[in-house]
Amino acid sequence: MELAASRILNADRATVWAALNSAEVLKACIPGCEELTGSPEEGFAATVKQKVGPVSATFKGEVTLSDIVPLGSYTITGEGKGGVAGFAKGGAKVALSDAEGGGTELTYEVEAKVGGKIAQLGSRLIDSFATKMADQFFERFQAQVEGTAEG
């Protein structure tokens, strides 16, 4: 499953970059995230609870940042195991650039794979779920950096 999109954020690149590297902001933006600890340098440990179709699972996993270009781009990669439900792994290449007329353009390319019981649900259900997750994450992220998030 692959997905690419971009958003214009009403914030400068330094603000957006700081938010992309904040465990607190990432936790608030990841749908179903119950816990996120760690740092950009050492990686994060995450617990995410999700329901995909009829399958509910709590995924425990790692999130790491690589290919880091300060104020410019990075690759965020995550892998989680959900017991009998299976596993999910994926990543996103995230890039920042100055937007015309001010603000920051955030571009992302997401790639995701699933296995186990979840994979048996069919690619259409999984693709729509992954798209919804990515949209929710970046909508919440935009609200966080623009200061419009409801606390």
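Everything discussed here concerns the structure shown above.
Residues numbered from 1 in each chain as written. Predicted model: local features only at pLDDT ≥ 70, side-chain atom pairs only at ≥ 80, totals over all residues. Heavy atoms only, no water.

Novice: Would you take a moment to explain the pairing of strand β2 (residues 33-39) for this structure?
Specialist: The side chains of a regular strand alternate, first on one face of the sheet and then on the other. Sheet topology places β2 next to strand β3 (residues 43-52); 6 bridges connect them, and they run antiparallel. Residue pairing in the sheet places L36 in a bridge with A46 of β3. If you look at the hairpin formed by β2 and β3, you'll find 3 residues sitting between the two strands. (Pairing = 2+ DSSP bridges. Helix = DSSP H or I, 4+ residues; strand = E, 2+ residues; numbered from the N terminus.)

Novice: Just to check I follow, could you spell out the layout of surface pockets for this structure?
Specialist: What the largest pocket holds in volume is close to 990 Å³. What lines the largest pocket is a set of 44 residues, among which I30, A88, K89, G90 and M133 lie closest to the centre. Considering every element that reaches the lining of the largest pocket, the biggest residue donor is helix α3 (residues 123-146), with 9 residues. Grouping the constituent residues of the lining of the largest pocket by class yields 27 nonpolar, 10 polar and 7 charged. (1 Å grid on protein atoms, 1.4 Å probe; cavity = no way out; pocket = protein on both sides within 12 Å on 5 of 7 lines; lining within 4 Å. Points joined across faces, edges and corners; volume = space filled by probe spheres on them. Nonpolar A, V, L, I, M, F, W, Y, C, P; charged D, E, K, R; others polar.)

Novice: What am I meant to see in the nonpolar core here?
Specialist: One broad rule of soluble globular proteins: the nonpolar side chains tend to lie buried together. The biggest cluster of nonpolar side chains holds 31 residues, and the ones touching the most others in it are V16, L20, L106 and F141. Element by element, the count of residues in this core is highest for α3, at 5 residues. For V16, the contacting residues outside a window of four places in its chain are L9, A11, L96, T104, L106, F141 and V145. Counting 9 residues, the second-largest nonpolar core is a separate cluster that includes V55, F59, I118 and F129. (Core = buried A, V, L, I, M, F, W, Y, C linked by side-chain atoms within 4.5 Å. Buried < 20%, exposed > 50% of the residue type's maximum accessible area, 1.4 Å probe, protein only. Contact = heavy atoms within 4.5 Å.)

Novice: What is the right way to look at the sheet that holds strand β7 (residues 104-115) in this model?
Specialist: Each strand in a sheet pairs with another by means of backbone hydrogen bonds, the pair being arranged parallel or else antiparallel. Spatially, the 7 strands line up as an open sheet ordered β1-β7-β6-β5-β4-β3-β2, and their pairing is antiparallel. The two strands at the open ends of the sheet, each matched to only one other strand, are β1 (2-9) and β2. Going from strand to strand, the sheet's axes swing by 20° on average, the running direction of each strand aside. By the bridge criterion, 8 bridges tie strand β4 (residues 55-69) to strand β5 (residues 73-81) in an arrangement that is antiparallel. If you follow L65 over to β5, its bridge partner there is I76. (Axes fitted to C-alpha atoms, helices over the stretch in contact; angles between N-to-C directions.)

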